[in-house]
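Residue strings, one per chain:
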Amino acid sequence: MSRPDDDTTALSYGPRTIRLPEELEAALAWALTSAPAARWTREALAVSERYRAPRAGGEQPLVAGRDQALGYVALVMPATYAQLHGAMAATAARIPDWAPSSVLDLGAGPGTALWATADRWPSLCSASAYEREPAFVTLGRAIGSASHAPSVRGARWERQDLTHLREPEERRFDLVVLGHVLNELEPPARRAVVEFAWRSTAGVLLIVEPGTSAAFEVVRSARDRLLDLGARTIAPCPNDLPCPLAGDWCHFPQRVVRPDFQRRARGAPSPWEDAKFSYAAMARFAAPQPIWARIIDEPSSNKAYSEVLASTRDGIARLRGLKRYREAYRHIRGLLWGETLAEPLPSPADILAEPPRRTT
């Protein structure tokens, strides 16, 4: 299991700070011993530059070959694991009795989502991973052999280019994951992959992308298409309406403790990072209990009031508690980014129907 840090505060979508599973961290450290540290450190920086560059879709793959794959797992994989973990925890919180037995990871990379799904849903018995880069397939199989989870250890890996997918197998999968995939594709290919993924889904389709404004638009577009196809929203939205955000984007943080090899690759003194992500969990069924809202930003406060941005059943709203109403002021200031609210806040908290745009 992912290990929460000792002094963390629980969020509705999971521990505030997590660590990689012990066997995953050890397997990655072992894999990195197969090349000189100077080599994978150099490749990690190159991968990071490509990863952060604007992508319109259709560019060359972020990773090609063994050395670049090692650079990726050294630098990018821990944060990607955290993003997937956060999105999966939020999904599981909305459907706590759901126990998937099979998962398909499309564009699996080195198998990051396989590890995260096994950590979140121990009920998983089987896993399939489609990945076009041979070095990732080889590496994913190698590190997967160290997992305690049968679904990861026995995962079925296939070399597949997502732009040339075959029709899904007769048996569909309880869970299908598209993690850090759609932003690398051109718009027509994105739509085709989303539709393929939905046809392959028996239960939940989870889409996770980096928490940037550009990646959010990719997630929003995919969610809109899935709503057209009859999908139901599990998270993060509290309804099945088109996203009303304008001039802003929806994303969430998951703090993760950096393994020693990642700190070395990044040259970063901080022992942790906040991995931001945008996501959509869409299902062939509705969540058992509705929610009124989800907090989609960090609360702020001043001498007059505390406030926070929320996505509610009726649209985007800024919740505000005036300081003269001490209980409302403290309550809103204490809300957590990503937290869900089952019911509207009681008076005297104010709701501003047209919030100002984000300025940072």
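What counts and how
Residues numbered from 1 in each chain as written. Predicted model: local features only at pLDDT ≥ 70, side-chain atom pairs only at ≥ 80, totals over all residues. Heavy atoms only, no water. Helix = DSSP H or I, 4+ residues; strand = E, 2+ residues; numbered from the N terminus. Buried < 20%, exposed > 50% of the residue type's maximum accessible area, 1.4 Å probe, protein only. Contact = heavy atoms within 4.5 Å. Areas by Shrake-Rupley, 256 points an atom, 1.4 Å probe, with all protein chains shown as cover. Axes fitted to C-alpha atoms, helices over the stretch in contact; angles between N-to-C directions. Parallel < 35°, antiparallel > 145°, perpendicular 65-115°, else oblique. Left-handed = near helix turned anticlockwise from the far one by under 90°. Patch = residues over 30% accessible without salt bridge, like charges linked within 9 Å, V, L, I, M, F, W, Y side chains within 5 Å. Salt bridge = Lys/Arg side-chain N within 4 Å of Asp/Glu carboxyl O. Lys, Arg positive; Asp, Glu negative; His and termini not counted. Charge placed at Lys NZ, Arg CZ, Asp CG, Glu CD. Pairing = 2+ DSSP bridges. Core = buried A, V, L, I, M, F, W, Y, C linked by side-chain atoms within 4.5 Å. Phe/Tyr/Trp six-rings, centres within 6.5 Å; stacked < 30°, edge-to-face > 60°. Lys NZ or Arg CZ within 6 Å of the ring centre and 35° of its normal.

1. Focus on the overall build of the protein chain
And then number 1: For the protein chain, the count of helices and strands is 11 helices and 18 strands.
And then number 2: Each of the 360 residues in the protein chain was classed as buried or not, and the buried ones make up 57%.
And then number 3: The long-range share in the protein chain, meaning contacts at least 24 apart out of those at least 6 apart in sequence, stands at 72%.
And then number 4: Split by element, the accessible area of the protein chain, about 15,900 Å² in all, is 50% carbon and sulfur.

2. Examining the packing of helix α1 (residues 22-32) against helix α6 (residues 134-144)
And then number 1: Across the interface, α1 lies against α6 with an axial gap of 9 Å and an inter-helix angle of 130 degrees. Put simply, α1 runs oblique to α6. Handedness of the α1/α6 crossing: right-handed. Together, Leu 24, Ala 27, Leu 28, Trp 30 and Ala 31 of α1 and Leu 139, Ala 142 and Ile 143 of α6 make up the contact between the two elements.

3. Digging into the environment of Glu 22
And then number 1: Position of Glu 22 relative to the elements: it lies in helix α1.
And then number 2: Judged by relative accessible area, Glu 22 falls into the exposed class, the value being 53%.
And then number 3: Considering only alpha carbons, one finds Glu 22 and Ser 147, 125 residues apart in sequence, at a separation of 9.4 Å.

4. Thoughts on a positive patch on the surface
And then number 1: Together, Lys 303, Lys 323, Arg 326, Arg 330 and Arg 333 make up a positively charged patch on the protein surface.
And then number 2: Counting through the fold element by element, Lys 303 comes out in the loop between β14 (300-301) and β15 (305-312).

5. Here's the deal with unusual backbone geometry
In most cases, non-glycine residues show a negative phi, while peptide bonds are predominantly trans.
And then number 1: Residue Pro 236 is bonded to the preceding Ala 235 through a cis peptide linkage, with omega at 0 degrees.
And then number 2: Among the secondary structure elements, Pro 236 is positioned in the loop between β10 (232-235) and β11 (252-257).
And then number 3: Despite not being glycine, His 180 has its phi angle at roughly 55 degrees, a positive value.
And then number 4: Looking at the element boundaries, His 180 is found in the loop between β8 (173-179) and α8 (187-199).
And then number 5: On the basis of relative accessible area, His 180 is assigned to the buried category, the value being 9%.

6. Focus on the pattern of salt bridges
And then number 1: As enumerated under the stated definition, the model contains 11 salt bridges in all.
And then number 2: Put simply, Arg 39, Arg 66 and Asp 67 are held in one network by salt bridges that share partners.

7. Some remarks on the pairing of strand β16 (residues 315-322)
And then number 1: Burial analysis of β16 places 8 of its 8 residues in the buried class, the great majority of the element.
And then number 2: Hairpin geometry of β15 and β16 is characterised by an intervening segment of 2 residues between the two adjacent antiparallel strands.

8. Overview of the environment of Ala 27
And then number 1: Along the chain, the position of Ala 27 falls in helix α1.
And then number 2: Given the relative accessible area of 6%, Ala 27 is considered buried.
And then number 3: It is 8.2 Å that separates the C-alpha atoms of Ala 27 and Gly 144, two residues lying 117 residues apart in sequence.
And then number 4: Sequence-distant contacts of Ala 27, defined by excluding residues within four places in its chain, comprise Ile 143 and Ala 146.

9. Remarks on the nonpolar core
The nonpolar side chains of a soluble globular protein tend to be buried, and buried together.
And then number 1: If you look at the biggest cluster of nonpolar residues, it comprises 76 residues, and the most contacted ones within it are Trp 40, Ile 143 and Tyr 279.
And then number 2: Once you skip the residues sitting within four places of it in the chain, Tyr 279 turns out to touch Ala 87, Ala 90, Thr 91, Leu 206, Ile 207, Val 208, Val 219, Ala 235, Pro 236, Phe 252 and Arg 294.
And then number 3: Grouped together as the second largest cluster of nonpolar side chains are 27 residues, Leu 162, Phe 173, Leu 227 and Met 282 included.

10. A word on the packing of aromatic side chains
What characterises a pair of aromatic rings is the spacing of the ring centres plus the angle enclosed by the ring planes.
And then number 1: All told, the structure shown has 6 aromatic pairs when counted by the stated rule.
And then number 2: Ring centres of Tyr 72 and Phe 136 lie 5.2 Å apart, and the angle between their planes is 70 degrees; this geometry places the pair in the edge-to-face category. Pair noted here: Tyr 72 is in helix α3 (residues 66-75) and Phe 136 is in helix α6, with a separation of 64 residues, a long-range link. Considered together, Tyr 72 and Phe 136 belong to a single accessibility category, that of buried residues.
And then number 3: Measuring from centroid to centroid gives 6.2 Å for Phe 252 and Phe 277, while their planes differ by 40 degrees, and the two rings are tilted. Of the two residues, Phe 252 sits in strand β11 while Phe 277 sits in strand β12 (residues 272-283), which places them 25 residues apart along the sequence.
And then number 4: Judged by its relative accessible area of 1%, Phe 277 is buried.
And then number 5: Of the aromatic side chains, those joined through ring pairs into one cluster are Trp 98, Trp 121 and Phe 285.
And then number 6: The cationic tip of Arg 255 hangs over the ring face of Trp 272; the distance from NZ or CZ to the ring centre is 3.6 Å.
And then number 7: Taking NZ or CZ as reference, Arg 284 lies 4.0 Å from the ring centre of Trp 198, over its face.

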